[in-house]
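Below, each chain spelled out in residue letters.
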Amino acid sequence: MNPRLTELNKNEILLYLGHRGQEIDAALDEQIDRAIAAVCRASRPALVERHFPVTNGQIESLTLEGQDIAKLLKDCHEAIIFAATLGTDVERLLMRTEVLNMSDALIMDACASTAIENVCNNYEQDLKSETASRGSFLTDRFSPGYGDLPIACQNLLCSALDTARNIGLTVTRSNIMVPRKSVTAIIGIADREQEHRKPGCESCSMFRTCPYRKQQRSCH
């Protein structure tokens, strides 16, 4: 399935920047528009997926820690593990901008975070349409770092997908993905409609780094 990057939602970018409905002036609005354009020009979305059988909530041939992934997959007969990245050009753009202008760099980082989420959401929608045509249903998307699935699982998932060879994505010893604007995730496939979690901190990809949580607040 080909990855798709579509128009970025400026409200999502503002959330990454810590805005909560405040007025933004024309200068900042133009700065965000420039950052969106730069990130979209540099983006080279790539994605790799692999299907695994599931038995009793466990992905065959993979051992994942925690109970949350087993709960996610309890009704599933199959799971898809995928990894997506915006590519090395976005990584270089962010690193270069961090040296030249930190204000621009912060905004570009928010744009890039929104962009990789956009790619993942589009993939999930395409997958939902494809599985629905076969009478199957998807679970929520679940990534390392959500709930009790440790971030250290990044390396296991990337190894299973051979992301280094397939899309140029590697994981450092401290479990940081390179390029940084990349995502790994698991989605279950079931024969009946699945209950989907409500939006909230525990299911957010920014759970561990969210500035709102540090202030004991939330964005939703």
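For the structure itself, look to the data block above.
So, a few notes on the structure that sits alongside this text. Every value quoted in this text rests on a predicted model; they were computed, and no experiment measured them.

### Quick word on the overall build of the protein chain
(1) Moving on: Helices and strands together make up the secondary structure of the protein chain, namely 8 helices and 7 strands.
(2) Moving on: A burial count over the protein chain gives 45% of its 220 residues as buried.
(3) Moving on: In the protein chain, of all internal contacts separated by at least 6 residues, the share reaching a separation of at least 24 is 77%.
(4) Moving on: Accessible area for the protein chain stands at about 11,700 Å²; split by element, carbon and sulfur atoms hold 49% of it.

### Some points on the sheet that holds strand β7 (residues 182–190)
To summarise the sheet geometry, strands pair through backbone hydrogen bonds and adopt either a parallel or an antiparallel arrangement.
(1) Moving on: Taken in spatial order, the 5 strands of this open sheet run β2-β1-β3-β7-β4, and their pairing is antiparallel. If you trace the sheet from one side to the other, it starts and ends with β2 (58–59) and β4 (137–142), each paired once.
(2) Moving on: Pairing analysis gives 2 bridges linking strand β1 (residues 46–55) to β2, with the strands arranged antiparallel. Opposite Val54, over in β2, you have Ile59 as the bridge partner.
(3) Moving on: Seen against the sheet, helix α5 (residues 102–132) touches β1, β3 (76–85), β4 and β7 and runs at an angle of roughly 165° to β4.
(4) Moving on: The strands touched by helix α6 (residues 153–161) within the sheet are β1, β3 and β7, with β1 carrying the most contacts at an inclination of about 100°.

### Section: the packing of aromatic side chains
(1) Moving on: A full pass over the atoms with the stated rule returns 2 aromatic pairs.
(2) Moving on: When the ring of Phe82 is compared with that of Tyr123, the centres are 4.6 Å apart and the planes differ by 50°; the resulting orientation is tilted. Taken as a pair, Phe82 in strand β3 and Tyr123 in helix α5 lie far apart in primary sequence, 41 residues in all.
(3) Moving on: Between Phe142 and Tyr146 the ring centres are 5.4 Å apart and the planes differ by 80°, which places this aromatic pair in the edge-to-face class. Pair check on accessibility: Phe142 and Tyr146 agree, each one buried.

Each value, and the rule that gives it
Residues numbered from 1 in each chain as written. Predicted model: local features only at pLDDT ≥ 70, side-chain atom pairs only at ≥ 80, totals over all residues. Heavy atoms only, no water. Helix = DSSP H or I, 4+ residues; strand = E, 2+ residues; numbered from the N terminus. Buried < 20%, exposed > 50% of the residue type's maximum accessible area, 1.4 Å probe, protein only. Contact = heavy atoms within 4.5 Å. Areas by Shrake-Rupley, 256 points an atom, 1.4 Å probe, with all protein chains shown as cover. Pairing = 2+ DSSP bridges. Axes fitted to C-alpha atoms, helices over the stretch in contact; angles between N-to-C directions. Phe/Tyr/Trp six-rings, centres within 6.5 Å; stacked < 30°, edge-to-face > 60°.

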